[in-house]
Amino acid sequence: MPRKSADSEEENQQMSSKEEVEQVNSMLASVLMYLSDESVEEIDLEYLLNNTEGLREWWDQYREKNRKQIEEEIKNSLEKLPLEELENIREKIKENIQ
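For the structure given in this document, a descriptive report is provided here. (Residues numbered from 1 in each chain as written. Predicted model: local features only at pLDDT ≥ 70, side-chain atom pairs only at ≥ 80, totals over all residues. Heavy atoms only, no water.)

**Side note on a nonpolar patch on the surface**
This is how the line gets drawn: Each patch is assembled from residues with relative accessible area greater than 30% and no salt bridge, linking like charges that lie within 9 Å and nonpolar side chains (Val, Leu, Ile, Met, Phe, Trp, Tyr) that lie within 5 Å. Note on areas: these come from Shrake-Rupley sampling with a 1.4 Å probe, and a residue is covered only by the protein chains present in the view. Within this document, salt bridges are pairs made up of a side-chain nitrogen of Lys or Arg and a carboxyl oxygen of Asp or Glu, the two lying within 4 Å of each other. Think of it this way: any DSSP run of H or I at least four residues long counts as a helix, any run of E at least two long counts as a strand, and we number them from the N terminus.
Judged by side-chain polarity, Leu28, Leu32, Leu35, Ile43 and Leu45 come together as a nonpolar surface patch covering roughly 500 Å² of accessible area. It is helix H1 (residues 2-36) that provides the largest number of residues to the nonpolar patch, a total of three residues. Mapped onto the fold, Leu45 is located in helix H2 (residues 45-51).

**Here's the deal with the side chain of Thr52**
Applicable threshold: Polar contact criterion, stated in full: a pair of N or O atoms within 3.5 Å, where within protein one must be able to donate a hydrogen and the other to accept it, and residues adjacent in sequence count only if both atoms are side-chain atoms.
With respect to the secondary-structure elements, Thr52 resides in the loop between H2 and helix H3 (55-65). In this structure the side chain of Thr52 is engaged in a polar contact, spanning 2.9 Å, whose partner is the backbone oxygen of Leu48.

**Here's the deal with the packing of aromatic side chains**
Here is the rule we go by: Aromatic rings from Phe, Tyr and Trp, with only the six-membered ring used for Trp, were paired whenever their centres fell within 6.5 Å, and each pair was classed as stacked if the ring planes differed by under 30 degrees, edge-to-face if by over 60, and tilted otherwise. Relative accessibility under 20% of the residue-type maximum defines a buried residue, over 50% an exposed one, and the middle range a partly exposed one, all with a 1.4 Å probe and only protein chains included.
According to the stated counting rule, one finds four aromatic pairs in the structure shown. The interplanar angle of 25° and the centroid separation of 5.3 Å between the aromatic rings of Tyr34 and Tyr47 together place this pair among those described as stacked. Pair noted here: Tyr34 is in helix H1 and Tyr47 is in helix H2, with a separation of 13 residues, a long-range link. Residue Tyr47 is classed as partly exposed on the basis of its relative accessible area, which comes to 41%. Counting every residue linked through ring pairs, the aromatic cluster contains Trp58, Trp59 and Tyr62.

**Description of the nonpolar core**
Formally: Residue types Ala, Val, Leu, Ile, Met, Phe, Trp, Tyr and Cys, when buried and joined through side-chain atoms within 4.5 Å, form a set referred to as a nonpolar core. Contacts were defined at the residue level, with two residues in contact if any of their heavy atoms lie within 4.5 Å.
Core analysis: the largest hydrophobic core is formed by six residues, namely Met27, Val31, Tyr34, Leu48, Leu49 and Leu55. Of all the secondary-structure elements, those providing two or more residues to this core are H1 and H2. The biggest single contributor to this core is H1, with three residues. When near neighbours in sequence (up to four residues on either side) are disregarded, Met27 contacts Thr52, Glu53, Gly54, Leu55 and Trp58.

Okay, structure coming up:
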């Protein structure tokens, strides 16, 4: 019996993955339709995020997933910066925290 439960869980994950792929495909199609519209003179990212169903939520999740990578890249690059630049960064951080 436990095998059926594992199979069911795997099927649910596959269905969820398929639904996610379909959603991303739909968002991509909407974005490409907007980009290929010859009447659009200037690309408006806010318009895309607001008018493409699920895109803003997907974009926020994507950015959050990459947060750790960004933090690591920043941490690694700090070692190479001169002291003056590090002090400037510290001041900017303090300003943002307050």
